[in-house]
Amino acid sequence: MTSPPSTDASSPVLAALQALIDVVAQLRSPEGGCPWDLAQTPQSLIPYVIEEAYEVADALRQDDPAEIQDELGDLLLQVVLQAQIAQETERFTLRDVAEAITRKLIRRHPHVFGEPAVDESAVGESAAGEAVAADIDQVRQNWEAIKAEEAKAQQGDERLTPKLAKYGRSLPPLLASLKISKKAASAGFEWESVDGVWDKFHEELGEFEHALKHESKARQQSEIGDLLFTVVNLARWYGLDPSAALQGTNQRFVRRFAQVEAAAGQSLQGYSIEELERFWQAAKANDSVKSEE
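Just so it is clear, the model here is predicted, and its values are computed rather than measured.

(A) The arrangement of the environment of Trp-198 in detail. With respect to the helices and strands, the residue Trp-198 is situated in helix α10 (residues 194-214). Along the primary structure Trp-198 and Thr-230 are separated by 32 residues, whereas in three dimensions their C-alpha atoms are 8.5 Å apart. The residues contacting Trp-198, other than those within four sequence positions of it, are Leu-234 and Tyr-238. A polar contact of 3.0 Å, which involves the side chain of Trp-198, links it to the side chain of Tyr-238.

(B) Just the environment of Gln-221, in detail. Looking at the secondary structure, you find Gln-221 in helix α11 (residues 217-237). When its relative accessible area of 61% is taken as the criterion, Gln-221 is described as exposed. Note: C-alpha distance between Gln-221 and Ala-211 (10 residues apart in sequence) is 8.9 Å.

(C) How the structure looks around the pattern of salt bridges. For the coordinates displayed, the defined rule picks out nine salt bridges. The residue Glu-223 makes a salt bridge to Arg-219 at a minimum N-O spacing of 3.0 Å. Highlighted residues: Glu-223 and Arg-219, both in helix α11, separated by four residues, approximately one helical turn. Classification of Glu-223 as buried rests on a relative accessible area of 3%. Judged by relative accessible area, Arg-219 falls into the partly exposed class, the value being 39%. In this structure, Arg-256 engages Asp-287 in a salt bridge whose closest nitrogen and oxygen atoms are separated by 2.9 Å. Of this pair, Arg-256 sits in helix α12 (residues 242-264) while Asp-287 sits in helix α13 (residues 273-292), and the two are 31 residues apart along the sequence. As far as burial versus exposure is concerned, Arg-256 and Asp-287 are alike and both buried. Linked by salt bridges that have partners in common, Lys-200, Glu-203 and Glu-204 make up one network.

How each quantity is defined
Residues numbered from 1 in each chain as written. Predicted model: local features only at pLDDT ≥ 70, side-chain atom pairs only at ≥ 80, totals over all residues. Heavy atoms only, no water. Helix = DSSP H or I, 4+ residues; strand = E, 2+ residues; numbered from the N terminus. Contact = heavy atoms within 4.5 Å. Polar contact = N/O pair within 3.5 Å; in protein donor to acceptor, adjacent residues only side chain to side chain. Buried < 20%, exposed > 50% of the residue type's maximum accessible area, 1.4 Å probe, protein only. Salt bridge = Lys/Arg side-chain N within 4 Å of Asp/Glu carboxyl O.

Geometric descriptors of this kind do not, in isolation, establish any biological role.
And the structure:
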């Protein structure tokens, strides 16, 4: 098994990180610091953390190395800034953050670092008693088993509800729905076949249509939420990623809408819906041809 790599305090990478830490500390310094940075709190920075994470994801999709580097830097700044604010109130430091994630990675990769398996019945072991992972599926099983043992040790609570509630609070809605439904299914709360999911979809669609005609806005909102959650379950059953699917639809719409505007050559308000539909179908056909090339 592999030992954790040692670090060289004089390495250029660590020097660059230290320079960033020093800059952020100066920005937060009461003497000569930046008023905007000094006014920030962990809570006020939440929108920036989310925004930067999404911008990293977009840069990765575009596969632009310069953009990825830039956006990762912005996200790293948010990590260092949060740690700096926490250090000022003696809650934790950046060192604490780094050490904690390092320990977690070692603990959750016993097949790499040779740590003993947490639960012999759940984590794969070699004949010598060491954790092993022959493939990605085994790594995932080991990871989930170790996480479950950690949670049990911390909370003494084996219920799934707290974890599902955290997904609902912390993740984007589509991703949260997928994670919640996957976890519930793994605990046995699952349809016997995809036919049951389709039945649920048609049931929820009918309830949404009824709410639109006869019930309040709050009820309509609730019913369309139920319908979307069922669509996420359909995606899960067919091995599809609903977030990636919707992202692709958004991109296709923007791309085709650009072709509609180009074809119109003027404000779209000057055209009838029938004319706009012809522009749209032409853009759709053109887009389909390009995607097949």
